[in-house]
Amino acid sequence: MTGNSCAGGIAAEIRLLLVDDHPMVRRTLAEVLSEEDDLVVVGECDDGSQVIEAAVRLRPDVVFMDVSMPGVDGLAATEALQAAAPEARVIVLTGEGPQTRAAAMAAGAHALVPKGVRLGALLRRLRTVATGGRGCPY
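For the structure given in this document, a descriptive report is provided here. (Residues numbered from 1 in each chain as written. Predicted model: local features only at pLDDT ≥ 70, side-chain atom pairs only at ≥ 80, totals over all residues. Heavy atoms only, no water.)

1. Brief notes about the overall build of the protein chain
Under the convention used in this document: Counting from the N terminus, the helices are the DSSP runs of H or I reaching at least four residues and the strands are the DSSP runs of E reaching at least two. Exposure categories follow from relative accessible area, calculated using a 1.4 Å probe and restricted to protein chains: below 20% of the type maximum is buried, above 50% is exposed, and the middle band is partly exposed. In short, Shrake-Rupley with a 1.4 Å probe defines the accessible areas, and a residue's cover is counted only from the protein chains shown.
When helices and strands are tallied, the protein chain shows 5 helices and 5 strands. Counted from the first residue to the last, the protein chain has its helices and strands arranged as β-α-β-α-β-α-β-α-β-α. Burial status across the protein chain gives 46% buried among its 138 residues. Total accessible area on the protein chain stands at roughly 6400 Å², and carbon and sulfur atoms take up 53% of it.

Shown next, in the form of structure tokens:
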């Protein structure tokens, strides 16, 4: 499925890489996402500098990328990841607000999601991005 829709789903397993400098955020996301039958968390990174190596090694379908991280931030990591592993789809997670959208899309992100989004909306966006969609509204 392609396009700008935020609906849809797939039957195959979706491999996820979680990138956030806060261990509690990664742990919570991993626990919640792992409860879904079609999702598997294949790895976690606590800094943007680890993303390319992890993506090449783990081959995730979707990378959840925090924007604000020390060292290599999420936007720089997204841009580098898209150059090194363009098949990986990136959902940027942010607490910074919708003003981050233009920069995230310019870096190559496929969607921007606020950290406070409800689980159902997060799962719909994830499955949309995994199936080729992009541009889900903030």
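2. What about the packing of helix 2 (residues 51-58) against helix 3 (residues 74-84)?
Note the cut-off: In this analysis an axis means a line fitted to C-alpha atoms, helices contributing only their contacting stretch, and an angle means the value between N-to-C directions, from 0 to 180 degrees. Helix crossings are classified by the rotation of the near helix relative to the far one: an anticlockwise turn of less than a right angle makes the crossing left-handed, while a clockwise turn makes it right-handed. Contacts were defined at the residue level, with two residues in contact if any of their heavy atoms lie within 4.5 Å. Basically, the charged four are Asp, Glu, Lys and Arg, the nonpolar ten are Ala, Val, Leu, Ile, Met, Phe, Trp, Tyr, Cys and Pro, and anything else, Gly included, counts as polar.
It is at 9 Å that the axes of helix 2 and helix 3 come closest, and there the two elements cross at 35 degrees. Relative to helix 3, helix 2 is oriented so that their crossing is right-handed. On helix 3, the residues touching Val51, Ile52 and Ala55 of helix 2 are Ala77, Ala80, Leu81 and Ala84. Along the lines of polarity and charge, the residues of the contact of helix 2 with helix 3 split into 7 nonpolar, no polar and no charged.

3. Regarding the pattern of salt bridges
Note on pairing: side chains with opposite charge can pair once their charged atoms come close. To keep it simple, the criterion reads: A side-chain nitrogen of Lys or Arg and a carboxyl oxygen of Asp or Glu constitute a salt bridge if their distance falls within 4 Å.
A full pass over the atoms with the stated rule returns 6 salt bridges. A salt bridge links Asp38 to Arg127; its shortest N-O distance comes to 2.7 Å. One end of the pair, Asp38, is in the loop between helix 1 (23-34) and strand 2 (39-45); the other, Arg127, is in helix 5 (residues 119-130), and 89 residues separate them in sequence. For Asp38, a relative accessible area of 13% translates into the label buried. According to the relative accessible area criterion, Arg127 is buried, its value standing at 15%. What emerges from the salt-bridge pattern is a single network uniting Asp20, Asp66 and Lys115.

4. Here's the deal with the environment of Ser49
With respect to the helices, strands and loops of the structure, Ser49 is situated in the loop between strand 2 and helix 2. Separated by 27 residues in sequence, Ser49 and Ala76 have C-alpha atoms that sit 9.1 Å apart.

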